[in-house]
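Examination of the molecular architecture
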Amino acid sequence: MTESFPRLHARTRRFTLGVPRNFTISPDGGRVTFLRTRSGTDPVTCLWELDVASGAERLVVDPLALGAADEDLPPEERARRERSRESAGGVVAYATDREVRQAVFALSGDLYLAGLASGEVRRLPAAGPVIDPRLDPTGARVAYVTGGALHVLDIATGTDALLGEPESDLVTYGLAEFIAAEEMERMRGYWWSPSGDRLLVARVDESPVPLWHIADPANPGRQPVPQRYPAAGTANAEVTLHVIGLDGARTAVPFDQEYLVTAAWDAHGLAIVTLSRDQRTMRLLSADPDTGETTLLREDTDPAWVDIVTGVPARLSDGTLVWVADADGGHRLVVGDEPVTPPSLQVRAVLDVDGDTVLFQASGEPTEIHLWTYSAGVVSAVTTEPGVHSGRRAGGVTLVARQSLDTEGMTVTVGSASINSLAERPGLEPRVSLVRAGSRDLSTAILLPSWHVPGSGPLPVLMDPYGGPHAQRVLSARRMFLESQWWAEQGFAVIVADGRGTPGRGPAFEREMLHDFTISLQDQVDALQGAAALHPDDLDLSRVAIRGWSFGGYLAALAVLRRPDVFHAAVAGAPVTDWRLYDTCYTERYLGHPDEGHYERSSLLIDAEKGDTAKGDTAKLERPLLLIHGLADDNVVAAHTLRLSSALLAAGRAHTVLPLSGVTHMTPQEVVAENLLLLQLDFLKKSLDLS
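The rules behind each value
- Residue positions are given per chain, counted from 1 along the sequence in the order it is written.
- Two thresholds apply to this predicted model, a pLDDT of at least 70 for residue-level local features and 80 or more for giving and counting side-chain atom pairs, whereas whole-chain, interface and lining totals are computed over all residues.
- Side-chain numbers here rest on the full set of heavy atoms in the structure, without hydrogens or water.
- The helix count covers DSSP runs of H or I at least four residues long, the strand count covers runs of E at least two residues long, and both are numbered beginning at the N terminus.
- Both definitions apply: the radius of gyration is a C-alpha atom measure, and the globule rule equals 2.2 Å times residues to the power 0.38.
- Contacts between residues were defined by any pair of non-hydrogen atoms, one from each residue, lying within 4.5 Å.
- For the accessible areas, the method is Shrake-Rupley and the probe is 1.4 Å, while residue cover comes only from the protein chains on display.
- Positive charges are assigned to Lys and Arg, negative charges to Asp and Glu, while His and the chain termini are left out of the count.
- By convention, the charge on Lys lies at NZ, on Arg at CZ, on Asp at CG and on Glu at CD.
- Any two strands are treated as partners once DSSP identifies two or more bridges connecting them.
- Where helices are involved, their axes are fitted lines through C-alpha atoms of the stretch in contact, as for all axes, and angles between N-to-C directions lie from 0 to 180°.
- Residue exposure (1.4 Å probe, protein chains only): buried if accessible area is under 20% of the type maximum, exposed if over 50%, otherwise partly exposed.
- We count a salt bridge whenever a side-chain nitrogen from Lys or Arg sits within 4 Å of a carboxyl oxygen from Asp or Glu.
- Grouping buried Ala, Val, Leu, Ile, Met, Phe, Trp, Tyr and Cys residues that are joined through side-chain atoms within 4.5 Å yields what is termed a nonpolar core.
- Here the aromatic set is Phe, Tyr and Trp, taking the six-membered ring for Trp, and pairing holds for ring centres within 6.5 Å; pairs whose planes are under 30 degrees apart are stacked, those over 60 apart are edge-to-face, and all others are tilted.
- Two conditions define a charge sitting above a ring: the NZ of Lys or the CZ of Arg must be within 6 Å of the ring centre, and it must be within 35 degrees of the ring normal.
- Note on terminology: angles under 35 degrees are roughly parallel, angles over 145 are roughly antiparallel, angles of 65 to 115 are roughly perpendicular, and the others are oblique.
- Amino acids are sorted into nonpolar (Ala, Val, Leu, Ile, Met, Phe, Trp, Tyr, Cys and Pro), charged (Asp, Glu, Lys and Arg) and polar (every other residue, Gly among them).
- Crossing chirality is assigned from the near helix's rotation relative to the far helix, an anticlockwise turn below a right angle marking it left-handed and a clockwise turn marking it right-handed.
- Expected helix span is computed as 1.5 Å times (number of residues minus one).

Things to note about the overall build of the protein chain
Along the protein chain, the regular secondary structure elements total eleven helices and 44 strands. The C-alpha atoms of the protein chain give a radius of gyration of 25 Å, which matches the 26 Å a tight globule of 691 residues would have. Projected onto its principal axes, the C-alpha coordinates of the protein chain cover approximately 75 × 55 × 55 Å. A separation threshold of at least 6 residues defines the contact pool for the protein chain, and within that pool the share at least 24 residues apart is 59%. Counting every atom, the protein chain has about 26,200 Å² of accessible surface; 49% of that belongs to carbon and sulfur. Counting 62 positive and 92 negative side-chain charges, the protein chain places the averaged centre of each group 3 Å from the other.

In structure tokens, the structure reads:
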């Protein structure tokens, strides 16, 4: 390897470039369309097609051949990519017709149509910079959004119809609002009817949402960027639904609850899923597209919250409902009215319904994710080798994408064919042990340097968690531990632990997070002590550091503020310090409405004030703390770090702040990403007095 790991890690976008993704299988199972860059360091994503019978891959769209060397993205597309954590460029999304004969995509705001059989790619006329183009199922028309307006273009005639025109600058038609994209995994705002004669369209009015500004202090001549941000306890955007015909005729589809989770429109009808503001009640409604009248199909309730599961609602060929719900202590697949999976198998997502066969992801062991099918009353395992699996299914053909600890990168197989991964080799091999640690048997990964002989002497410890709800770090896949292993090679024993609230172990385990984020710190301490019991001669508990980003950043700062007896230094990246400043959907799901009184317990600002010298308290911040924050972050805004820093300063508590000019929550810039690793390493070595 000629480049350092930090440089290669940054250049490869964390080794995601060159990895195939976004698979679509043709209805006959003969072809697979997918996205992939041309190498592990090439950031330009291309559209490809695989012939399943021959195993031959064919390049369909190369953005560079279309003259798109430098992308010029409209602001809405930049925001969409930030919400989806998209770090590459080129063709990052596409949509096909029902037969997967054509695909549409946006490139630098232009609209393109690709014939998948002919390979012909042509630019289509559009009224402005294009967002989220989608073909109707018949392939005759393409809908797209520009300037917040929904258009439909007739491909044969070139006729462009404006179907949803915003009534003000704060209204959009056909786009997902911030909360839907950031917290509900809904990246779209319109759905075609099966016959392509009309659409279900979300109208979003952001006028009730508080207006914030994202400033650029490094460039005082620039105007701050206005942003409507729905902070906890404040108003959300108003979302309404309308069936709009190609002639512009409009029928409202009313619903009562706060959140539109998703919609589905297939041969069995139109259905929508909604969620109450407190997220304790979810409704599945059928809707009559002619009248807008809705009928309740099912209602799920939970005293804590109802989980949003991707891939549902879905239907079998006869219209039988496919759903996921909690029952008897498990996340279970429901077909019709009956749970068909055991409570011990935690269903994570429904991936496809192919006729009467349901393909879904589920975990028995929480560190592994497997593919399963349900068909004719029988639940069957598709994958059995240890690892993390995803997939697609159509035409009786199943595509399997696998990552594991014993293989590098991702392997993708479909029938007897395979799709090549072109990702770079990281140049290091994770030396990881997956264990159950502590009194709660927490899923924990322990990584030691490749050069370390077990029992030869204690190593300083680095806790490297995310630790928050709805996300998981400890999985049986190498890619999860590449960065952690680099830290190990610098001389640390690295511990990654999933505490209560993380998925894979069932509803009760996840819901222990309710009303108190600080239990995540208890679990990190528990995992640390458990790991030390397993490796008594390898872990030096007198030198323990912790680092993290986003919720992990919150957890890192919390650790040195509340448990300086355990943690001796921390790096907190983009931490949420005041939960009243974070968004409605995520925060209220776990902490409730701010008026309920659960926010102070989880606030870092309260801890910062404990050293207030004006009150006669001479205590200082005992452990070194580095706060890092992108000033262009529109998810966890920089005010979080600035408020914590101000509170620490007022209390006379020393700390370090590293502001990142022009950097968002993703930190995609190559130089920034590389040097962040090196600067963190330098800070922790100095803080722990390591030579």
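Remarks on the sheet that holds strand β44 (residues 656-660)
Reading across the sheet, the eight strands line up as β37-β38-β40-β39-β41-β42-β43-β44 and stay open at both edges, with mixed pairing between neighbours. The strands lining the two open edges of the sheet, one partner per strand, are β37 (432-437) and β44. If you compare each strand with its neighbour and ignore which way they point, the axes differ by 20° on average. Contacts between helix α6 (residues 519-534) and the sheet are confined to β37, β38 (442-447), β39 (459-463), β40 (493-498) and β41 (539-549), with β38 contributing the most and set at about 55° to the helix. On top of the sheet, helix α10 (residues 639-650) reaches β43 (625-630) and β44; it is set at about 150° to β43, its chief contact.

Description of unusual backbone geometry
For residues besides glycine, phi is generally negative; the peptide bonds are generally trans as well. Backbone torsion omega between V312 and P313 reads 10°, so that peptide bond is classified as cis. Mapped onto the fold, P313 is located in the loop between β24 (294-301) and β25 (314-315). At V100, a position not held by glycine, the phi torsion is positive, near 55°. Along the chain, V100 turns up in the loop between β6 (95-96) and β7 (102-107). Here H470, not a glycine, exhibits a phi torsion of approximately 75°, which is positive. The class of H470 is partly exposed, set by a relative accessible area of 46%.

Some thoughts on the pairing of strand β1 (residues 21-25)
Sheet topology note: the β1/strand β2 (residues 31-37) ladder contains three bridges and is antiparallel. Residue T24 lies in a different strand from β2, and its bridge partner there is T33. Between β1 and β2, which follow one another and run antiparallel, lie five residues, and G29 among them has a positive phi close to 75°.

Remarks on the pattern of salt bridges
What the rule picks out here adds up to 42 salt bridges. Taking the shortest distance from any N to any O, the salt bridge between D354 and R393 comes out at 3.3 Å. Taken together, the residues D354 in strand β29 (residues 346-354) and R393 in strand β33 (residues 388-394) connect sequence positions 39 residues apart. Across the pair, exposure class does not vary: D354 and R393 are buried alike. A cluster of three or more residues bridged by salt bridges with shared partners is formed by R440, R500, E512, D523 and D526.

Examining the nonpolar core
By size, the foremost hydrophobic cluster in this structure holds 86 residues, and its most contacted members are W323, L333, F360, F517, F567, W579 and L625. The biggest single contributor to this core is helix α7 (residues 551-562), with nine residues. Filtering out sequence-adjacent residues up to four positions away, L625 remains in contact with A557, V560, A570, A572, L648, H655, T656 and F683. Among the nonpolar cores identified, the runner-up in size contains 36 residues, and L447, L482, A488 and L626 belong to it.

Concerning the environment of G592
Secondary-structure assignment places G592 in the loop between α8 (584-591) and α9 (604-608). For the pair formed by G592 and L514, sequence separation is 78 residues and the distance between their alpha carbons is 8.5 Å.

What about the sheet that holds strand β35 (residues 411-414)?
In space, the four strands of this open sheet follow the order β33-β34-β35-β36, with antiparallel pairing throughout. Each end of this open sheet is capped by a strand with a single partner; those strands are β33 and β36 (417-419). Between one strand axis and the next, the sheet turns by 20° as a mean value, whatever way the strands run. Examined bridge by bridge, strand β34 (residues 397-403) and β35 share four bridges and lie antiparallel to one another. Within β35, the position partnered with V400 by the bridge is T413.

Digging into the environment of I155
Structurally, I155 can be placed in the loop between β12 (149-154) and β13 (160-164). Among all residues touching I155, those that are not within four sequence positions of it are L113, R122, L124, L135, G139, A140, R141 and V142.

Here we look at the packing of aromatic side chains
Scanning the model with the defined rule gives 23 aromatic pairs in all. A ring pair is formed by F105 and Y112, whose centres lie 5.4 Å apart and whose planes are at 10°; its orientation type is stacked. Note on accessibility: F105 and Y112 belong to one class, buried. Ring centres 4.5 Å apart and planes at 15° place the aromatic pair W212 and Y229 in the stacked group. With W212 in strand β17 (residues 211-214) and Y229 in the loop between β18 (225-228) and β19 (238-245), the pair connects residues that are 17 residues apart, well separated along the chain. Among the aromatic residues, ring-to-ring pairing joins W305, Y466, F517, F551, Y554, W579, Y582, Y586 and Y590 into one connected group. Between the NZ or CZ atom of R36 and the centre of the ring of W48, over which it lies, the distance is 4.3 Å. Over the ring of F509 we find R505, and its NZ or CZ is 4.3 Å from the ring centre.

What to know about the packing of α6 against α7
One can describe the packing of α6 onto α7 by two numbers: an axis separation of 10 Å at closest approach and a directional angle of 75°. Compared by their axis directions, α6 and α7 come out roughly perpendicular. Contacts between α6 and α7 pair S520, L521 and Q524 from the former with F551, L555, L558, A559 and R562 from the latter. A class-by-class count of the residues in the contact of α6 with α7 yields five nonpolar, two polar and one charged.

Remarks on the packing of helix α4 (residues 482-489) against helix α11 (residues 670-687)
Relative orientation of the contacting elements α4 and α11 amounts to 40°, with a least axis distance of 12 Å. Judged by the angle between their axes, α4 and α11 are oblique. As α4 runs across α11, the sense of the crossing is right-handed. Of the residues in α11, those touching α4 at E483, W486 and W487 are L677, L678, Q680, L681 and L684.

Quick notes on the pairing of β12
With five of its six residues buried, β12 lies for the most part within the structure. One ladder, built from six bridges, connects strand β11 (residues 141-146) with β12; its direction is antiparallel. By the bridge assignment, Y144 is partnered in β12 with H151. Hairpin connection of β11 to β12: two residues between the antiparallel strands, including G147 at a positive phi of 60°. By the bridge criterion, four bridges tie β12 to β13 in an arrangement that is antiparallel. Directly across from H151, in β13, lies its bridge partner L162. The hairpin turn running from β12 into β13, its antiparallel successor, is five residues long, and G158 in that turn takes a positive phi close to 80°.

Things to note about α7
With twelve residues, α7 extends 16 Å from end C-alpha to end C-alpha; this agrees with the ideal 16 Å at 1.5 Å per step. Among the twelve residues that make up α7, eleven are buried, leaving the element largely enclosed by the rest of the structure. Along α7, the residues classified as buried are F551, G552, G553, Y554, L555, A556, A557, L558, A559, V560 and L561.

These results come straight from atomic positions and should not be treated as a statement about function.
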